Amino acid sequence: MSSDSIKTVSSFNNVESPGFVGFANLPNQVHRKSVKKGFEFTLMVVGESGLGKSTLVNSLFLTDLYPERTIPDAIAKTKQTVKLDASTVEIEERGVKLRLTVVDTPGFGDAIDNSDSFRAIIQYIDEQYERFLKDESGLNRRHIIDNRVHCCFYFVSPFGHGLKPLDIELMKKLHNKVNIVPVIAKSDVLTKKEIQKLKKRILEEINANGIKIYPLPDCDSDEDEDYKEQVKQLKEAVPFAVCGANQLLEVRGKKVRGRFYPWGVVEVENPEHCDFIKLRTMLITHMQDLQEVTQEVHYENYRSERLAKGVPVPKRTTSLPEHEKNSGSEKDRILQEKEAELKRMQDVIAKMQAQIQQQTP
């Protein structure tokens, strides 16, 4: 290294304290870029009808995802098959944009014969992985929309004595495909003692059946004590006992979202009444980790199994918008012209070489 280059390096070091390179600012840069770009997140809610899935989701994100939904009657439910209802909404809060897709599963567990009720759910999750794999294997990889399911809220009925056989069967089929977060629905129908008993029973059944639910990541040793305490409380709250409500009520002179009963008001956002705040905190603070686990564990499992079978990734069959078709055909035309030009130049070079060989004695 020359003396000039050494002087240049030392002059840069004068900007900060000695020994400071500057890569410590990388997390802030990554965060700013992520915030500017916005986030994509897909949440699936699975559970029997009437457990308050739609109400809870609307409560979590302060929006109405199902303005035109009609509830089928009992006769219609006996013939109803599971169909998936995906609703996407753009949420912006303080400049941060979230493209939220909620996949509901109306009809799950409603039929007389539920032996085939989880096929549509598993098929949907696999289809999103397949779609992402095709896009990732295509030419235009810069603007891939991530529709993979990053988290699944599995709603457990508060009226039973733990998990039903249908719950166990579906969770065992899902746990290697998606991050499962068990939720006790409509927990306001239970006393605190009943909730603790039901939570313990559900966790015992989950462990006994070898079901893997989403594990909240452990805190690093350098994290502050408040965050460590928050994560500890979230881990202890699993499965989350929640209730949802979108109605505003006046309690002690202030507006709260809750449910009115003859004996009083259940406040949705009161930690003493249910785990709603803890569930929302878990989802928001660990949203990136849920996405990373989906990418690095569940999607990689699907991708490796898919490629291990030796089946080539089929080309996309979905119709593209007209402007994308035009841009694609334009690229093909330019590529063909370049290939033709290259071939013509190769022919000219070959002729020149042949002439040189003829002229040499």
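Residues numbered from 1 in each chain as written. Predicted model: local features only at pLDDT ≥ 70, side-chain atom pairs only at ≥ 80, totals over all residues. Heavy atoms only, no water.

### As for the sheet that holds strand β7 (residues 248–251)
To keep it simple, the criterion reads: Think of it this way: DSSP has to see at least two bridges between two strands before they count as a pair. Helix and strand assignments follow DSSP, with helices taken as H or I runs no shorter than four residues and strands as E runs no shorter than two, numbered in order from the N terminus. Only the contacting stretch of a helix is used when fitting its axis, a line to C-alpha atoms as for every element, and angles between N-to-C directions run 0 to 180 degrees.
Here we have three strands laid out as an open sheet, ordered β7-β8-β9, and antiparallel in their pairing. Every other strand in the sheet has two partners, leaving β7 and β9 (264–267) as the edge strands with one partner each. Direction aside, the axes of adjacent strands within the sheet are offset by 70° on average. In terms of strand pairing, β7 meets strand β8 (residues 254–261) through four bridges, oriented antiparallel. Among the inter-strand pairings, glutamate 250 is bridged to a residue of β8, identified as lysine 255.

### Examining the sheet that holds strand β2 (residues 85–93)
With mixed pairing, six strands are arranged side by side in an open sheet as β2-β3-β1-β4-β5-β6. Looking along the sheet, the strands with just one partner apiece sit at the ends: β2 and β6 (240–241). Pairing of strand β4 (residues 151–156) with strand β5 (residues 180–184), which is carried by five bridges, proceeds in the parallel orientation. Note that in β5 the partner of cysteine 152 across the bridge is isoleucine 180.

### A word on the side chain of histidine 175
As a reminder of what qualifies: Relative accessible area decides the class of each residue, using a 1.4 Å probe on protein chains only: under 20% of the type maximum gives buried, over 50% gives exposed, and in between gives partly exposed. Polar contacts, as used here, are pairs of N or O atoms within 3.5 Å; protein pairs need one atom able to donate a hydrogen and one able to accept it. Residues neighboring in sequence count only if both atoms are side-chain atoms. A contact between two residues is defined here by any heavy atoms of the two lying within 4.5 Å.
Within the secondary structure layout, histidine 175 lies in the loop between α6 (165–174) and β5. Given a relative accessible area of 11%, histidine 175 falls into the buried group. Among the polar contacts listed, one links the side chain of histidine 175 to the backbone nitrogen of lysine 212, at a separation of 3.0 Å. Apart from residues lying up to four places away in sequence, histidine 175 is in contact with Ile180, Gly210, Ile211, Lys212 and His298.

### So, the packing of helix α5 (residues 119–137) against α6
Our working definition: Working rule for angles: under 35 degrees goes down as roughly parallel, over 145 as roughly antiparallel, 65 to 115 as roughly perpendicular, anything else as oblique. Crossing chirality is assigned from the near helix's rotation relative to the far helix, an anticlockwise turn below a right angle marking it left-handed and a clockwise turn marking it right-handed. Classification used: nonpolar for Ala, Val, Leu, Ile, Met, Phe, Trp, Tyr, Cys and Pro, charged for Asp, Glu, Lys and Arg, polar for all others including Gly.
Packing of α5 against α6 brings their axes to within 11 Å, and their N-to-C directions diverge by 15°. Classified by the angle their axes make, α5 and α6 are roughly parallel. Read as a crossing pair, α5 and α6 show a hand that is right-handed. Contacts between α5 and α6 pair Ile121, Ile122 and Ile125 from the former with Leu170, Lys173 and Leu174 from the latter. Per-class residue counts for the contact of α5 with α6 are five nonpolar, no polar and one charged.

### A few points about the packing of aromatic side chains
Rules: Only Phe, Tyr and Trp rings take part, Trp by its six-membered ring, and two of them pair if their centres are within 6.5 Å. Stacked means planes under 30 degrees apart, edge-to-face means over 60, and tilted covers everything else.
Evaluation of the coordinates by the stated rule reveals four aromatic pairs. A centroid spacing of 5.2 Å and a plane angle of 85° characterise the contact between phenylalanine 132 and tyrosine 299, whose relative ring orientation is edge-to-face. Within this pair, whereas phenylalanine 132 is found in helix α5, its partner tyrosine 299 is found in helix α10 (residues 287–308), the two being separated by 167 residues in sequence. Tyrosine 299 gets classed as buried once you look at its relative accessible area, which sits at 0%. An aromatic cluster is defined as three or more aromatic residues linked by ring pairs; in this entry it consists of Tyr129, Phe132, Tyr299 and Tyr302.

### Examining the UniProt feature "site: Important for dimerization" (unreviewed entry) in the protein chain
Heads up, the rule is: UniProt positions are given in the numbering used here, feature names are shortened, and annotations may be inferred rather than shown by experiment.
Taken from the UniProt record, the annotation "site: Important for dimerization" (unreviewed entry) applies to Phe159. Checked against the element boundaries, phenylalanine 159 lands in the loop between β4 and α6.

### So, the nonpolar core
The condition that has to hold: We define the nonpolar core as a collection of buried residues of types Ala, Val, Leu, Ile, Met, Phe, Trp, Tyr and Cys that are connected through side-chain atoms lying within 4.5 Å of one another.
Among the nonpolar cores identified, the biggest contains 36 residues, and Phe41, Phe153, Val181, Phe240, Leu279 and Met282 are the most heavily contacted of them. Looking at this core, the elements that each hand over two or more residues are β1 (39–46), α3 (53–61), β3 (96–104), β4, β5, α8 (225–237), α9 (276–285) and α10. Discounting residues that sit within four places of it in the chain, methionine 282 has contacts with Phe153, Val181, Tyr214, Leu216, Leu234, Phe240 and Met287. The next biggest cluster of nonpolar side chains, apart from the first, holds 34 residues, and it includes Val46, Val103, Leu166 and Leu190.

### Considering a negative patch on the surface
We apply this condition: Patch building starts from residues that exceed 30% relative accessible area and form no salt bridge, then joins like charges within 9 Å and nonpolar side chains (Val, Leu, Ile, Met, Phe, Trp, Tyr) within 5 Å. In this description, accessible areas are obtained by the Shrake-Rupley approach with a 1.4 Å probe, and a residue is regarded as covered only by the protein chains that are shown. Note on definitions: salt bridges are taken to be side-chain nitrogens of Lys or Arg within 4 Å of carboxyl oxygens of Asp or Glu. When charges are counted, neither His nor the chain ends are considered; positive counts come from Lys and Arg and negative counts from Asp and Glu. Where a charge lies is defined by one atom per residue type, namely NZ (Lys), CZ (Arg), CG (Asp) and CD (Glu).
On the surface, a cluster of negative charge is made up of Asp224, Asp226, Glu229 and Glu236. Along the chain, glutamate 236 falls in helix α8.

### Quick word on the pattern of salt bridges
Within the structure shown, the criterion is met by 13 salt bridges. With a shortest N-O distance of 3.1 Å, glutamate 269 and arginine 257 are connected by a salt bridge. Here glutamate 269, found in the loop between β9 and α9, pairs with arginine 257, found in strand β8; they are 12 residues apart in sequence, far enough to count as distant. Assessed through its relative accessible area of 35%, glutamate 269 is described here as partly exposed. Judged by relative accessible area, which is 9%, arginine 257 ranks as buried. Across the salt bridge formed by arginine 303 and glutamate 300, the nearest N and O atoms sit 3.9 Å from each other. Here the residue arginine 303 and the residue glutamate 300 both occupy positions in helix α10, the gap between them amounting to three residues, near one helical turn.

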